[in-house]
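# Understanding the architecture of this molecule
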Amino acid sequence: MAQSGVHLDRESFSCSICLDLLKVPVGLACGHSYCMDCIKTHWDGEDQKKRYSCPQCRQAFATRPVLLKNTMLADLVEQLKKTGLQAAAADHCFNRDSDRTLYAGPGDVACDFCTGRKLKAFKSCLVCLASYCEKHLQPHYDSPTFKKHKLVEPAKNLQENLCPRHDEVMKIFCRTDQQCICYLCSMDEHKGHDTVSAAAERTERQRELEGSRLDIQQRITDAEEEVKLFQQKVEVINGSADKAVEHSEKTFAQMIRLIQKTSSDVKQQLRNQQDVGVSRVRDLQEQLEQEIAELKKRDAELKTLAQQDDHNQFLQDYHSLPELSEFTLSSSSICPLRLRYFEYVTVAVSDARDTLQYALRETGTNISMTATQVNVLLPQPEPKTRADFLRYACKITMDPNTVFWCLLLSKGNTKATCRKNPRSYPSHPERFHGVPQVLSKESLTGRCYWEVEWKGKGLYVAVAYKTISRAGYEYECLFGKNPNSWSLCYFKDSYIFSHNNRYNNQDHTTISGPYSSRLGVYLDHSAGVLSFYTVSETMTLLHRVQTKFTQPLYAGVYLNYDGDSAEFSKLN
């Protein structure tokens, strides 16, 4: 009880502006008292309005009141200080310097019952539709009247809980109209609707919310696990790539040293052979020059003898001439002059270069293929319209090194025409020898789309690995007859898809579809998707393959009738 009395005295002798005990107390005509400095500061802000009022009761004064110290009140305050009331005031958080953070600022919810400078709200009451600071909230804890009131964290816009039509608290939820209403609304425009208490609806929706949260938390957990897996994949990819780079650098360095050593050895051998050849030729040249000198000497002797006038002396000298020695070298023993003595070496080196280029190109293709397979992203949807397919259009040309002898290439190697008269193509290890077909020069990885414009009795449109056989039995090299190729054949008004169909009695699919002089092929290498379409005003899917490709693919065509042709179309 004594503490309660002190609390009452503190309230009676506190300034409602600074919330501290009065300092130089002054009284206004309305009866309220303030610290002289606090009320002066307050009115200084109202000077421009030329209107002065009491911060508590809002009573207005025509002119700014003259402030005089209330000595009696000042004496009482001093006595209260001496009795320790100031300490009690500090215990109740009324020190202006230490409790500035208790005042409501911009963005804070202010206490609805504070006068003058308002404190921050500590709780909001959903029944009273008001917010209270810690001091004004105390009756909700002490009085049984407020025991059933619902206290929540400080909230703004509490008036939104009032029915705009009846000014009643909306405690009912109308499920028919999905809105909160008051009890008067439930008996008026919402009469007969499916209604429950807002608390009951909240409970049910709370259960749904908890279920949703559990689902979301599970998805978060799953996603976090996926993130960890992706991070592990990143680490594995980085580690594998670093090792591969290190190994490739060492290997290429070894290859470069080997090539440099081989180049040095070949150069040394060539120079040695050059020196031997030149030395031998020099010796033969000197020998010939000596024989020439002897012949010239004999010629001079014969010339002198021929000029002898004395017949007897001529005959005597003639018969005494020594016999002319045989030539050491004859024209038949001297090798004919060759312009390119070491042509065999240049051919061998060129062959080595071509072999190395082929090996490096294959290595680069395989590396590109491997890089394409490093795919951890989510699969993308397949194209639907021709415009979608054209986004993946690729330029394809036919490889002259693979073309069969009866196929004539034209239009920059984009068109092949079947001619039964043989063509003269140079020998090449990649050339087909048993079947009239040709592969593209470009390898296909990732997403690719191309179209084949054709005419004639029939054709095969295909994709194949580079490892497909180029000779041997038909099933070893013909598109669709082996595990290294996939083909769509059009013949006698029907389509046939085949893969690894060695004996024409298995692994092929007969397809019904409209004839079209233009066929489209879509490849998603990493996803293992291969699709064939007829292309006209619309695209019609003929056949779709879902498999796993382990090597880069090459486009191919097969033509078997004289005059038939197929061309890789130029796509925009």
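Now for a look at the structure at hand. Per chain, residues are indexed from 1 in the order of the written sequence. In keeping with the model being predicted, local features are shown solely for residues with a pLDDT of at least 70 and side-chain atom pairs are shown and tallied solely at 80 or more, while totals for entire chains, interfaces and linings include all residues. Only heavy atoms go into the side-chain values, all of them from the structure, while hydrogens and water stay out.

Further remarks concern the overall build of the protein chain. Strands are runs of DSSP state E lasting at least 2 residues, helices are runs of H or I lasting at least 4, and numbering of each runs from the N terminus. Within the protein chain, the secondary structure is distributed over eleven helices and 23 strands. Each residue's exposure class comes from its accessible area (1.4 Å probe, protein chains only) as a fraction of the maximum for that residue type: buried when under 20%, exposed when over 50%, partly exposed otherwise. Per-residue burial for the protein chain yields a buried fraction of 30% across its 572 residues. Whether two residues touch is decided by their heavy atoms; if any such pair falls within 4.5 Å, the residues are in contact. Excluding contacts between residues fewer than 6 apart, the proportion of contacts in the protein chain whose partners are at least 24 apart in sequence is 55%. The method behind every accessible area is Shrake-Rupley, applied with a 1.4 Å probe, and residues are considered shielded solely by the protein chains displayed. Accessible surface for the protein chain amounts to roughly 36900 Å². Of this, 53% is attributable to carbon and sulfur atoms.

For the rest of this paragraph, the subject is the sheet that holds strand β7 (residues 151–152). Taken in spatial order, the three strands make up an open sheet running β6-β5-β7, and their pairing is antiparallel. Each end of this open sheet is capped by a strand with a single partner; those strands are β6 (130–132) and β7. We call two strands paired when DSSP finds no fewer than two bridges between them. Two elements, strand β5 (residues 123–125) and β7, share two bridges in a ladder whose sense is antiparallel. Its bridge partner being in β7, Cys-125 is matched across the sheet by Leu-151.

Bringing the pairing of strand β22 (residues 553–558) into the picture now. Of all six residues making up β22, six are buried, and the element is well covered by its neighbours. On β22, burial covers both faces: Leu-553, Ala-555 and Val-557 on one face and Tyr-554, Gly-556 and Tyr-558 on the other are all buried. Two strands pair when backbone bridges link them, and strand β13 (residues 437–444) and β22 are joined in this way by five bridges, in the antiparallel orientation. Paired with Val-438 across the strands is Val-557, a residue of β22. Examined bridge by bridge, strand β15 (residues 458–465) and β22 share six bridges and lie antiparallel to one another. Residue pairing for β22: Ala-464 is matched across the bridge by Tyr-554.

The next subject is a nonpolar patch on the surface. A cluster of nonpolar side chains, namely Phe-252, Ile-256, Ile-259, Leu-356 and Leu-360, defines an oily patch on the protein surface of about 410 Å² accessible area. Where the nonpolar patch is concerned, the elements lending two or more residues are α7 (198–306) and α9 (343–373). Top contributing element to the nonpolar patch by residue count: α7, with three residues. Summarising the element assignment, Ile-259 is placed in helix α7. Nonpolar side chains (Val, Leu, Ile, Met, Phe, Trp, Tyr) within 5 Å and like charges within 9 Å form the patches, drawn only from residues with over 30% relative accessible area and no salt bridge. Here, a salt bridge means any side-chain nitrogen of Lys or Arg that lies within 4 Å of a carboxyl oxygen of Asp or Glu.

Reading across the sheet, the three strands line up as β9-β8-β10 and stay open at both edges, with antiparallel pairing between neighbours. Where the open sheet ends on each side, the last strands, each with one partner, are β9 (179–181) and β10 (195–197). When the angles between neighbouring strand axes are averaged without regard to direction, this sheet yields 35 degrees. Where strand β8 (residues 172–174) lies against β10, three bridges are found, and the strand directions are antiparallel. Angular values range over 0 to 180 degrees, each being the angle between N-to-C directions of two axes fitted as lines to C-alpha atoms, with helices fitted over their stretch in contact.

Turning our attention to the packing of aromatic side chains. Stacked, tilted and edge-to-face are the three classes applied to pairs of Phe, Tyr and Trp rings, where Trp contributes its six-membered ring and a pair requires centres within 6.5 Å; stacked means planes under 30 degrees apart, edge-to-face means over 60, and tilted covers the rest. As enumerated under the stated definition, the model contains 19 aromatic pairs in all. Between Tyr-490 and Tyr-515, the ring centres sit 5.5 Å apart and the planes meet at 55 degrees, which makes this aromatic pair tilted. Within this pair, whereas Tyr-490 is found in strand β16 (residues 485–491), its partner Tyr-515 is found in the loop between β18 (508–511) and β19 (518–524), the two being separated by 25 residues in sequence. The class for Tyr-490 is buried, based on a relative accessible area of 7%. Every member of this aromatic cluster is reached through a ring pair, and the members are Phe-389, Tyr-392, Tyr-449, Tyr-522 and Tyr-533. Directly above the ring of Phe-122 sits Lys-123, whose terminal nitrogen or CZ lies 5.9 Å from the centroid. Criterion for a charge above a ring: Arg CZ or Lys NZ at most 6 Å from the ring centre, at most 35 degrees from the ring normal. Sitting above the plane of the Phe-432 ring, Arg-470 keeps its charged end 5.1 Å from the centroid.

Note on terminology: a nonpolar core comprises buried Ala, Val, Leu, Ile, Met, Phe, Trp, Tyr and Cys residues joined through side-chain atoms within 4.5 Å. In this structure, Trp-450, Leu-459, Trp-486 and Leu-530 are the most contacted members of the largest nonpolar core, which totals 39 residues. Residues Ile-17, Cys-35, Cys-38 and Leu-80 belong to the second largest nonpolar core, which totals 21 residues.

What follows concerns the environment of Ser-536. Assignment of secondary structure puts Ser-536 in the loop between β20 (529–535) and β21 (539–546). On the basis of relative accessible area, Ser-536 is assigned to the exposed category, the value being 55%. Ser-536 sits 16 residues away from Gly-520 along the chain, and the two C-alpha atoms are 10.0 Å apart.

In this fold, Lys-123 is placed in strand β5. Whenever two N or O atoms come within 3.5 Å, that pair is a polar contact, provided that in protein one can donate a hydrogen and the other can accept it, and provided that, for residues adjacent in sequence, both atoms are side-chain atoms. For Lys-123, the side chain forms a polar contact with the side chain of Glu-153, separated by 2.9 Å. Beyond its immediate stretch of four places on either side in the chain, Lys-123 contacts Ala-130, Ser-131, Tyr-132, Leu-137, Tyr-141, Val-152, Glu-153 and Pro-154.

On to the pattern of salt bridges, then. One pass over the full model with this rule turns up 20 salt bridges. Salt-bridge contacts for Asp-265 lead to Lys-261; the nearest nitrogen and oxygen are separated by 3.0 Å. Residue Asp-265 and its partner Lys-261 are both found in helix α7; the two are separated by four residues, about one turn of the helix. Classification of Lys-261 as exposed rests on a relative accessible area of 52%. Salt bridges sharing partners connect three or more residues here, namely Arg-175, Glu-201, Glu-204, Arg-205 and Glu-208.

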